[in-house]
Amino acid sequence: MRSADPAGSASSALKPVEAHLADILATVRPLAPIELDLEQSLGATLAEEVSAPVPLPPFDNSAMDGYAVRAADIAEVPVTLPVVDDVAAGSDELRAVGPGHAVRIMTGAPLPAGADTVVPVEWTDGGTVSVRIGRSAGPGNAIRRAGEDVQSGDVVLKPGTLIGAAQLGIIAGVGRRRVLARPRPRVVVIATGAELVEPGGQLGPGQIWDSNSYTLTAAVREAGGEGFRAGAVGDDPAVLLDRLDTDLVRADAIITSGGVSMGAYEPVKEALSPLGTVRFEKVAMQPGMPQGFGVLGDDQVPLFALPGNPVSSFVSFVLFVRPALAKMRGLPTGMPESVTACVTGSLRSPEGRRSYLRGVLAADGTVSPVRGQGSHQLAALASANALIVVPEDVTEVPAGAEVEVIRL
Ligand code: AMP
Ligand code: MG
């Protein structure tokens, strides 16, 4: 059901989700490229062209364990040839294969001069003094030629490439020890709240275990950042400012949770509002309406002040922090991608706010809302694999309707 007054009084003061993301993306910058050791480069974004200094493979070599021979000598089979040498991978002293001779050869070993084909061991009796070959092979069999993968000077990776396992492999494969790349952003996560207790500790009256700092640090890592969990700081703005002072030197971005709503004891708002570089706004979304964003310190380190309710902070991360991290990494960014699905139950959403309801997206293209749509219902979030998006001007969605869904 569409409401008659999408820009009604309840929503007039709210900032659209897209506008908030646009402000964030206009502020954050790709991190400067640095020289990274191979071991540190997983998840970094390449900032140079990587090319091969030599051909790969560097020399003709055997693709199989077998026998290097002259194809002409095995035209008629079966045939028995004397085995005159053994070459393993890494061998450097090679005897040439003369007419009527065979050399036992292992996978990756250089092809001896004179040989023009390799007979797999499976086609032979496996002999070490002489070998009986039961099947013939034409020239070039089971030989990997020099330069077959990459020619000398070929570009193997372009700037902007995300370094995953295979990319890291080819960087190593062309002999590089270091590469110029944008590193994974270092993100410090600070939870506020006098009620928070470390998981593993005993709960006193009125206390809950801190989950947000764990969720958000993990979310940073899943998003390709280096997450540092600074833990909880209570509700004293002075303690928070102290903590920020310490953490700013090691952070490319900071995430806080809690302390940004309308109540008393909102330490993030109280500590950062006076600085004038962090804005606290109401975004037209549910969950996650109160949002703070800005920069801190001489280095203008971006700070995301996310709301404290566990589902709110997580949804805020998906919508605002993840795209910002992508930009910092030099990767394409924007609103999270969505797919269309058929919703199995009816949905409700407040007028003037875009809802991100938790659901389970199935392989058959249906999405089922989970039980427990409150912004504190973390167990329900943990059982979901998708966010169902209900637009600002829609207040009711009937079962069977098409909806947009963001995969988690
Ligand atoms: P706040 O935004 O600080 O007013 O917190 C809103 C709600 O989220 C309150 O019920 C808090 O107890 C809860 N909350 C805040 N921080 C955390 C956290 N780190 N882990 C779990 N729940 C939290
Ligand atoms: Mg709080």
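Look above for the structure.
Everything numeric here is computed off the predicted structure, so don't read it as measured data.

**Topic: the sheet that holds strand β9 (residues 130-133)**
Taken in spatial order, the five strands make up an open sheet running β8-β5-β7-β6-β9, and their pairing is mixed. Across the chains shown, the open sheet's two edge strands, defined by having one partner strand only, are β8 (117-120) and β9. Averaged over neighbouring strand pairs, the angle between their axes works out to 40° when direction is ignored. In the sheet, strand β6 (residues 79-87) pairs with strand β7 (residues 102-105) via four bridges, with the strands oriented parallel. By the bridge assignment for β7, D86 is matched with R104.

**Examining the packing of helix α1 (residues 17-27) against helix α6 (residues 310-328)**
Running from N to C, α1 and α6 cross one another at 30°; their axes reach a closest spacing of 10 Å. Comparing their axes, α6 and α1 come out roughly parallel. At the point where α1 passes α6, the crossing takes the right-handed sense. Note on element contacts: α6 touches α1 through L319, F320, P323, A324 and K327, opposite V17, H20, L21, I24 and L25. Across the contact of α1 with α6, the residue classes tally to eight nonpolar, one polar and one charged.

**Observations regarding the side chain of T192**
Mapped onto the secondary structure, T192 falls in the loop between β13 (186-191) and β14 (196-197). A residue is classified by how much of its surface remains accessible, and T192, at 6% relative accessible area, is buried. Of the polar contacts made by the side chain of T192, one reaches the backbone oxygen of S257; its length is 2.8 Å. Of note is the side chain of T192, whose polar atom sits 3.4 Å from the backbone oxygen of G258. Setting aside residues up to four positions removed in sequence, T192 forms contacts with V233, G234, D235, L240, S257, G258, G259, P267 and V268.

**Things to note about the packing of aromatic side chains**
Evaluated as defined, the whole model comprises one aromatic pair. Taken together, a centroid distance of 5.1 Å and an interplanar angle of 50° make the contact between F293 and F304 tilted. Taken together, the residues F293 in strand β20 (residues 290-296) and F304 in strand β21 (residues 301-306) connect sequence positions 11 residues apart. On the basis of relative accessible area, F304 is assigned to the buried category, the value being 1%. Cation over ring: R135 sits above W123, and NZ or CZ is 3.9 Å from the ring centre.

**What about the pattern of salt bridges?**
Taken as a whole and assessed by the stated rule, the structure comprises 16 salt bridges. In this structure, the salt-bridge partner of R354 is E18, at a minimum N-O distance of 2.8 Å. Here R354 is found in strand β24 (residues 354-361), whereas its partner E18 is found in helix α1, with 336 residues between them in sequence. Given the relative accessible area of 39%, E18 is considered partly exposed. The shortest N-O distance in the salt bridge between R176 and E48 comes to 2.6 Å. Here E48 lies in the loop between β2 (45-46) and β3 (50-51) and R176 lies in the loop between α2 (165-173) and β12 (178-182), a separation of 128 residues in the sequence. Sharing partners across several salt bridges, the network here consists of K15, D23, R279 and E281.

The rules behind these values
Residues numbered from 1 in each chain as written. Chains lettered and ligands numbered in written order. Predicted model: local features only at pLDDT ≥ 70, side-chain atom pairs only at ≥ 80, totals over all residues. Heavy atoms only, no water. Pairing = 2+ DSSP bridges. Helix = DSSP H or I, 4+ residues; strand = E, 2+ residues; numbered from the N terminus. Axes fitted to C-alpha atoms, helices over the stretch in contact; angles between N-to-C directions. Parallel < 35°, antiparallel > 145°, perpendicular 65-115°, else oblique. Left-handed = near helix turned anticlockwise from the far one by under 90°. Contact = heavy atoms within 4.5 Å. Nonpolar A, V, L, I, M, F, W, Y, C, P; charged D, E, K, R; others polar. Buried < 20%, exposed > 50% of the residue type's maximum accessible area, 1.4 Å probe, protein only. Polar contact = N/O pair within 3.5 Å; in protein donor to acceptor, adjacent residues only side chain to side chain. Phe/Tyr/Trp six-rings, centres within 6.5 Å; stacked < 30°, edge-to-face > 60°. Lys NZ or Arg CZ within 6 Å of the ring centre and 35° of its normal. Salt bridge = Lys/Arg side-chain N within 4 Å of Asp/Glu carboxyl O.

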